[in-house]
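What follows is the residue order along each chain.
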Amino acid sequence: MKNTTSANFKHIGTKLLNWYKINARDLPFRQTKDPYKIWICEIVFQQTRINQGLNHYNNFIARFPDVKTLAEADEDEVLLYWKGLGYYSRAINIHKAAQQIMNDYHGIFPHEYEEILKLKGVGKYTAAAVSSICFNGKIPAVDGNFYRVLSRVFADDFDISNSRAFSYFSELAHLILPDNVGDFNQAMMDLGSEICKPKNPLCTECPLNDDCLAFSLNKISEFPVKTKKTKAEDLALKYYFVHRNGEFLIQQRKDDFIWKKLFEFPPEISDELIPFIKSVKTVSHKLTHKNLSIEIFNVEVDTEEIWQNFIAENNYIITDVEGSHEKSFPKPLENYIESYDTAYRIL
Ligand code: SF4
């Protein structure tokens, strides 16, 4: 940690807090210290921009206002309320964690960082955020914002793709940590997304510009340092949209390497159905570490007997466009269903 350990940098944390007092974004979850709501918001906004996720967050909280309601809900309904946010394993985990809180903590959200960390799907960042915002915990909620801001302020070239980056930047954060860690964590989140952005940071408006080494050395573009790029894997999928008179067939996914528990079209068909293939559409879709290429075959079955045979041989669910709105599908399949028009054609 270069020459930083002996110096006192607490004034940096104080400057950040003062800035936050005036500039904090007015967000619904900023009006509460309810650990349940803070936890849900941390999970919702992990991979989703605030303005994209806000309606989802509000709808989710309106339907599941507390741990008990969430724990008692059906998993399918929880998934349905997660629709549009993607990364559905997060929804499955929060549902399980709510049940864990009911069973292991008598329905009371745990207060200690170490206990919060035991909840399904909760990592160090979320546990630190909830414990600091709701229970005055003293742990910095280190995420990409911390990596970026701290590496720039200290012009520190520690590689953020290094497996020790989390503990390294946690230690660095402690150098500037004020007493009010809850507000500090939220201030860092706002500074990272509004001012010290990955590209074109607004340094002249930044409360830390007097202290920022990268700024004074005019080397902002050199920080943070990241050497390893995660290479996305290519993956090809095939689906068959088997339909007749406005109804089509679906099933819940059993594989969990992607799209856990979401619904999908049949991944294969019998030879009998091959003559009914009318068209094929190829769509590309990006997941965090995967580039998907999905072929969707439009199979319009115009023989009742063959339709019934195929249904009898498989455990597919019969649905229609309206019924499909009650279930959660991966985005590319949801788009495909939307293209199924009122005349039962694929547009
Ligand atoms: S001065 Fe610029 S680079 Fe430094 S912390 Fe502020 S916004 Fe980031």
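Residues numbered from 1 in each chain as written. Predicted model: local features only at pLDDT ≥ 70, side-chain atom pairs only at ≥ 80, totals over all residues. Heavy atoms only, no water.

Where an unreviewed UniProt entry is consulted, the protein chain appears under the name Adenine DNA glycosylase, with the organism given as Chryseobacterium taeanense. According to the UniProt record, the Cofactor (unreviewed entry) comment for the protein chain reads "[4Fe-4S] cluster". In the Catalytic activity (unreviewed entry) part of its UniProt record, the protein chain is described as follows: "Hydrolyzes free adenine bases from 7,8-dihydro-8-oxoguanine:adenine mismatched double-stranded DNA, leaving an apurinic site." (UniProt positions renumbered as here; feature names shortened; annotations may be inferred.)

Buried within helix α13 (residues 304-313) we find Ile306, Trp307, Phe310 and Ile311. Buried residues of α13, seen end-on, are gathered within an arc of 135 degrees and therefore sit on one face of the element. Exposed residues on α13 whose side chains face more than 90 degrees from its buried face are Glu305, Ala312 and Glu313. Packed against the buried residues of α13 are β1 (233-244), β2 (247-252) and β6 (317-319). (Buried < 20%, exposed > 50% of the residue type's maximum accessible area, 1.4 Å probe, protein only. Helix = DSSP H or I, 4+ residues; strand = E, 2+ residues; numbered from the N terminus. Arc of directions from axis to C-beta. Contact = heavy atoms within 4.5 Å.)

Put simply, helix α2 (residues 35-44) and helix α6 (residues 89-104) touch, their axes get as near as 11 Å, and they point 160 degrees apart. Classified by the interaxial angle, the pair formed by α2 and α6 is roughly antiparallel. By crossing handedness, the relation of α2 to α6 is classed as right-handed. Here Trp39, Ile40, Ile43 and Val44 of α2 come into contact with α6, specifically with Arg90, Ile94, Ala97 and Ala98. Per-class residue counts for the contact of α2 with α6 are 7 nonpolar, no polar and 1 charged. (Axes fitted to C-alpha atoms, helices over the stretch in contact; angles between N-to-C directions. Parallel < 35°, antiparallel > 145°, perpendicular 65-115°, else oblique. Left-handed = near helix turned anticlockwise from the far one by under 90°. Nonpolar A, V, L, I, M, F, W, Y, C, P; charged D, E, K, R; others polar.)

Two numbers describe how helix α5 (residues 75-82) lies on α6: the axes approach to 9 Å, and their chain directions differ by 135 degrees. Between α5 and α6, the angle falls in the class oblique. In terms of crossing hand, the pair formed by α5 and α6 is right-handed. For the pair α5 and α6, the contacting residues are Glu75, Val78, Leu79 and Trp82 in the first and Arg90, Ala91, Ile92, Ile94 and His95 in the second. Of the residues belonging to the contact of α5 with α6, the class tally is 6 nonpolar, 1 polar and 2 charged.

Glancing now at the environment of Asp210. Relative to the assigned elements, Asp210 resides in the loop between α11 (181-195) and α12 (213-216). Judged by relative accessible area, Asp210 falls into the exposed class, the value being 68%.

This part is about the domain arrangement of the protein chain. Domains assigned within the protein chain are domain 1 (10-222) and domain 2 (233-338). The partner domain 2 presents 12 residues to the 8 residues of domain 1 that form the contact. Between domain 1 and domain 2 the total buried area reaches about 890 Å² when both faces are included, carbon and sulfur atoms providing 51% of it. For domain 1, the biggest contributors to the area lost against domain 2 are Leu80, Lys83 and Tyr88; these three give 49% of the whole. Taken together, the links from domain 1 to domain 2 amount to 1 salt bridge. Notably, a salt bridge pairs Glu75 with Lys261, separated by 3.0 Å at the nearest N-O pair. For the interface between domain 1 and domain 2, the tally reads 5 residue pairs in polar contact (both at pLDDT 80 or more). Top element by residues in the side of domain 1 that touches domain 2 is α5. It accounts for 4 residues. Residue classes in the side of domain 1 that touches domain 2 are distributed as 5 nonpolar, no polar and 3 charged. (Domains from an automatic or database assignment. Buried area = accessible area lost by both parts, 1.4 Å probe. Salt bridge = Lys/Arg side-chain N within 4 Å of Asp/Glu carboxyl O. Polar contact = N/O pair within 3.5 Å; in protein donor to acceptor, adjacent residues only side chain to side chain.)

Attention now moves to the confidence of the model for the protein chain. For the protein chain, the average pLDDT comes to 92, and 98% of its residues sit at 70 or higher. Averaged pLDDT values for the elements of the protein chain fall to 91 in α13 and rise to 98 in helix α4 (residues 67-72). (pLDDT = per-residue confidence, 0-100.)

Another aspect to go through is the pairing of strand β4 (residues 277-287). As judged from the 10 bridges shared by β4 and strand β5 (residues 290-300), these two strands associate in the antiparallel manner. Within β5, the residue paired with His285 across the bridge is Leu292. A loop of 2 residues connects β4 with β5, the two strands running antiparallel in sequence. (Pairing = 2+ DSSP bridges.)

The next subject is the site of the ligand. By nearness alone, every residue bordering the ligand is listed as Arg152, Val153, Ile195, Cys196, Pro201, Cys203, Cys206, Asn209, Cys212, Phe215 and Ile220. Its residues placed into classes, the shell around the ligand shows 9 nonpolar, 1 polar and 1 charged. (Near = heavy atom within 4 Å.)

Turning to the packing of aromatic side chains, a few remarks are in order. One pass over the full model with this rule turns up 26 aromatic pairs. Measuring from centroid to centroid gives 4.9 Å for Phe60 and Phe64, while their planes differ by 55 degrees, and the two rings are tilted. Each member of the pair, Phe60 together with Phe64, is buried. Every member of this aromatic cluster is reached through a ring pair, and the members are Tyr239, Phe241, Phe248, Phe263, Phe265, Phe329, Tyr336 and Tyr340. (Phe/Tyr/Trp six-rings, centres within 6.5 Å; stacked < 30°, edge-to-face > 60°.)

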